[in-house]
Amino acid sequence: MNIQKKLSRRDFLITSSLGALGAGFYTSKLFGSGFNSFSNDFNQTRFYQPMVITGKELVIQPVLRHRLEKYQAQTSWRNWGDVHTEEAASQEVQRITQELERMKEKANFPVKILPVKRAMSHEEGEKIKQEKNYDLMLLYAAGAEYDKGLDPCIPEDRLCLIFVRHKNGPMYDWYENASNRFLRVGGKNFEIDSHRYFHGMGPDDVIVDDYDEMLWKIRAIYGLHNFFGKKIVALGGASGKLTSMAPEIARTKFIFDIIEIGYDDLGKRLDTALKDSKMGQKVQDMMSQYLKIPNTKIDTKTDFIKNAFYLYFIFKNYLSENNATAFTINNCMGTIMNVSQTTACLTLSMLNDEGYLAFCESDFVVIPSGILLHYISGTPVFMHNPAYPDKNNVTCAHCTSPRRMDGKGYEPADLVTHYESDYGAAIKVDMKIGQKVTLIDPDAEQKRWLGIEGSVIENPHLPACRSQQEIKFVGDTSRLRSEIRGSHWMMTYGTWTNEMGYACRKMGVDWLNISI
């Protein structure tokens, strides 16, 4: 069933209406482009401070849908479940409140949970769903009339998860009915045998008993909440590796706001900065602090490193002036060297360490996957080139790896030249041996993303981009070889394929996890 509305671009930007391969969802305020603003005081370095959180808070509205049922003689008066009385419903509200408080304590991303509301009728459910102060509804489906079922409660313009109880509390009526009266419904023909995806709701959106499952799905929704409408500064213009259509696809499919800035502007700012003695002192102080981070080696010219810090301050100004938290640079293996007398590799690494999103090559084939992966994982992501997979190994390499890959401490690093040019300030980061990682490989049309799980087994010294990891991946090598798309991949610490797969299905991108 195709539920996508045919909207003009103006209406699309207003309502953010999306469909996920016939099983999508509608969005409104859910995917704005705002963020938690950051300080413009660049005297304060963040090398030993927590990473900035650039994501918007996800506001959740829990709703208990139930009925008050009374005994009637010689007839079936009671449905399945055990929430039929005022006392049981009141106890259930308290139970839900406590459970959500415990769940929130486990979340390491901004989330606000509103007080539980009760809906004892279709009209009450309809009224609650129309409220504008939440981003995600958690519908606790204890009971509802069968004429319309849960339909009146389901928001058209925001996401919803349905929770039913089997054993972790009073059993819910819709533990039975979630499938055959909501996901599937009867009709004149054989409608009962196919999912209808009402307002985009599918089998993935029903949870039985499991708050761990609820939390990872909320995390995925938080990622989407901060993905659509993302504003990103593109120095040197927007591009796509081996495909020129990538920026427009990102703009239309994901509603990205790409702000393109020319190199002439960067040149003027560098000229001004280099003549400013106060800026020179800031650069010197910050560089000195960075070079004192434990396990930091220097194998390039100090002037290259210093110029990378000038770029850091200018790039941060671009972010601040444009109310953005994501940055990318085009022509970074050529033009930037003449303009800045260094490379941007180290600069991008530092921005990622600080909590922002910073990518080289302005490749909007892979950048969308990196943005979503960052907000789901809560940690920096590493954009890289993969080599040809062989015997469950794949070499991943680029010159811009973050060091705070776990979001906290700094991995050992060697400051070196950019490999292809043997010029400037790049970085070789040694990631933790045995560390589990998630790899994402998007296709050029943003129709299918590939997920790969693996572990770091070596940080080699090959004649290639400086940060290099040998990854032992889970899955069939021949299959991975045949499924590779695009040119770049994204990597982050941890295993996030469940969350990424759920988010992909919600946003209209097919998902293939090669590791299952």
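On a predicted model such as this, the values are computed, not experimentally measured, just so you know. (Residues numbered from 1 in each chain as written. Predicted model: local features only at pLDDT ≥ 70, side-chain atom pairs only at ≥ 80, totals over all residues. Heavy atoms only, no water.)

Engineer: How would you sum up the pairing of strand β15 (residues 423-429)? Please name residues and give values.
Structural biologist: Moving residue by residue along a regular strand, the side chains alternate between the two faces of the sheet. Among the 7 residues in β15, 6 count as buried, and that is most of the element. Count of turn residues in the strand β14 (residues 413-418)/β15 antiparallel hairpin: 4 residues, of which aspartate 422 carries a positive phi of about 50°. (Buried < 20%, exposed > 50% of the residue type's maximum accessible area, 1.4 Å probe, protein only. Helix = DSSP H or I, 4+ residues; strand = E, 2+ residues; numbered from the N terminus. Pairing = 2+ DSSP bridges.)

Engineer: Go over the sheet that holds strand β7 (residues 231-235) with me, naming the residues and quoting the values.
Structural biologist: Taken in spatial order, the 4 strands line up as β8-β7-β10-β11 in an open sheet, and their pairing is parallel. Two strands lie at the open edges of the sheet, namely β8 (257-261) and β11 (357-360), each paired on one side alone. For this sheet the average axis-to-axis angle between neighbouring strands, irrespective of direction, equals 20°. Inspection of the sheet shows β7 paired to strand β10 (residues 326-329) by 4 bridges, in the parallel sense. Bridge pairing links isoleucine 232 to alanine 326 in β10. The sheet contacts of helix α9 (residues 302-321) involve β7, β8 and β10, and relative to β10 the element is tilted by about 130°. Relative to the sheet, helix α12 (residues 367-377) contacts β7, β10 and β11, its axis offset from that of β11 by approximately 150°. (Axes fitted to C-alpha atoms, helices over the stretch in contact; angles between N-to-C directions. Contact = heavy atoms within 4.5 Å.)

Engineer: Lay out the side chain of serine 487 with the relevant residues and their values.
Structural biologist: Looking at where serine 487 falls in the secondary structure, it is placed in the loop between α13 (477-483) and β19 (489-493). Here serine 487 falls in the buried class, since its relative accessible area comes to 17%. With residues near it in sequence (within four places) discarded, serine 487 still touches Lys241, Leu242, Asn385 and Pro386.

Engineer: Tell me about unusual backbone geometry, and name the residues and values.
Structural biologist: The phi dihedral of aspartate 209 is positive, around 70°, even though this residue is not glycine. Judged by relative accessible area, which is 18%, aspartate 209 ranks as buried.

Engineer: Give me the lowdown on the packing of aromatic side chains, citing residues and values where you can.
Structural biologist: One pass over the structure, following the stated rule, counts 18 aromatic pairs. When the ring of phenylalanine 227 is compared with that of phenylalanine 228, the centres are 5.2 Å apart and the planes differ by 85°; the resulting orientation is edge-to-face. On the basis of relative accessible area, phenylalanine 227 is assigned to the buried category, the value being 0%. On the basis of an interplanar angle of 55° and a centroid distance of 4.6 Å, the ring pair of phenylalanine 304 and tyrosine 423 is categorised as tilted. Of this pair, phenylalanine 304 sits in helix α9 while tyrosine 423 is found in strand β15, placing the two residues 119 residues apart along the sequence. Residue classification places phenylalanine 304 among the buried positions, given a relative accessible area of 10%. Grouping aromatic residues by their ring pairs yields a cluster made of Phe227, Phe228, Phe254, Phe256 and Trp449. The positively charged end of arginine 158 is found above the aromatic ring belonging to tyrosine 134, 4.0 Å away from the centroid. (Phe/Tyr/Trp six-rings, centres within 6.5 Å; stacked < 30°, edge-to-face > 60°. Lys NZ or Arg CZ within 6 Å of the ring centre and 35° of its normal.)

Engineer: Tell me about helix α14 (residues 497-507), and please be specific about residues and values.
Structural biologist: Summarising burial for α14: 9 of the 11 residues are buried, a large majority. By the burial criterion, the buried members of α14 are Thr497, Glu499, Met500, Gly501, Tyr502, Ala503, Cys504, Lys506 and Met507. Following α14 by one or two positions, glycine 508 has its phi on the positive side, about 90°.

Engineer: Any chance you could break down the environment of proline 247 for me, citing the residues and the numbers?
Structural biologist: With respect to the helices and strands, proline 247 occurs in helix α6 (residues 246-253). Along the chain, proline 247 and isoleucine 258 lie 11 residues apart, while their C-alpha atoms are 8.1 Å from each other. Among all residues touching proline 247, those that are not within four sequence positions of it are Ala238, Ser239, Gly240, Ile258 and Phe364.

Engineer: Account for the state of the cysteines, with residues named and values stated.
Structural biologist: Under the criterion given, the structure shown has 0 disulfides. The thiol of cysteine 332 is not disulfide-bonded; the next cysteine sulfur, from cysteine 360, is found 4.7 Å away. Here cysteine 465 stays free of any disulfide, with the sulfur of cysteine 399 as its closest cysteine sulfur at 4.3 Å. A residue is classified by how much of its surface remains accessible, and cysteine 465, at 10% relative accessible area, is buried. (Disulfide = S-S within 2.5 Å.)

Engineer: Tell me what's going on with the confidence of the model for the protein, and back it up with residues and numbers.
Structural biologist: When pLDDT is low, close inspection of the predicted coordinates is not appropriate. With 91% of its residues at a pLDDT of 70 or more, the protein has an overall mean of 90. Predicted confidence is poor over residues 1-44, with pLDDT under 50, and the contacts of this stretch with residues over four places away or in other chains come to 109 contacts. (pLDDT = per-residue confidence, 0-100.)

Engineer: Can you lay out the pattern of salt bridges for me, pointing to particular residues and giving the numbers?
Structural biologist: Here the idea is simple: oppositely charged side chains can pair when their charged atoms come close. Here the structure, examined in full by the defined rule, presents 30 salt bridges. A salt bridge links arginine 165 to glutamate 92, with the shortest nitrogen-to-oxygen separation between them at 2.6 Å. Placement of the pair is arginine 165 in the loop between β5 (159-164) and α4 (174-183) and glutamate 92 in helix α2 (residues 86-106), with a sequence separation of 73 residues. There is no split in this pair, since arginine 165 and glutamate 92 are both buried. One salt-bridge network, in which partners are shared between bridges, spans Arg65, Arg67, Glu69 and Glu145. (Salt bridge = Lys/Arg side-chain N within 4 Å of Asp/Glu carboxyl O.)

Engineer: Give me the lowdown on the packing of helix α5 (residues 211-225) against α12, citing residues and values where you can.
Structural biologist: Interaxial distance between α5 and α12 falls to 8 Å at its minimum, and their mutual angle equals 135°. Relative to α12, α5 is oriented oblique. In this structure, α5 meets α12 at a crossing whose hand is right-handed. Each of Arg219, Ala220, Tyr222, Gly223 and Leu224 in α5 lies in contact with α12, whose residues at this interface are Leu372, Tyr375, Ile376 and Ser377. Here the residues of the contact of α5 with α12 are counted per class, giving 6 nonpolar, 2 polar and 1 charged. (Parallel < 35°, antiparallel > 145°, perpendicular 65-115°, else oblique. Left-handed = near helix turned anticlockwise from the far one by under 90°. Nonpolar A, V, L, I, M, F, W, Y, C, P; charged D, E, K, R; others polar.)

Engineer: Could you give an account of the nonpolar core, naming the residues involved and the relevant values?
Structural biologist: Within the largest apolar cluster, 153 residues are counted, with the highest numbers of intra-cluster contacts made by Phe315 and Trp449. Ranked by residue count, the leading element in this core is α9, at 12 residues. Apart from residues lying up to four places away in sequence, phenylalanine 315 is in contact with Leu235, Leu266, Phe327, Ile329, Ala344, Thr347, Leu348 and Leu351. Counting residues in each nonpolar core, the second largest holds 6 residues, with Ala397, Cys399, Ala426 and Cys465 among its members. (Core = buried A, V, L, I, M, F, W, Y, C linked by side-chain atoms within 4.5 Å.)

Engineer: Describe the sheet that holds strand β9 (residues 296-298), with residues and values.
Structural biologist: The mixed open sheet is built from 3 strands, whose spatial order is β9-β14-β15. Among the strands making up the open sheet, the edge pair consists of β9 and β15. Averaged over all pairs of adjacent strands, the angle between their axes in this sheet comes to 35°, without regard to strand direction. The sheet contact formed by β9 and β14 spans 3 bridges and is parallel. From the neighbouring strand, isoleucine 298 faces β14, where its bridge partner is leucine 415. Strand contacts of helix α11 (residues 345-354): β14 and β15, with the helix running at about 40° to β15, the strand carrying the most contacts.

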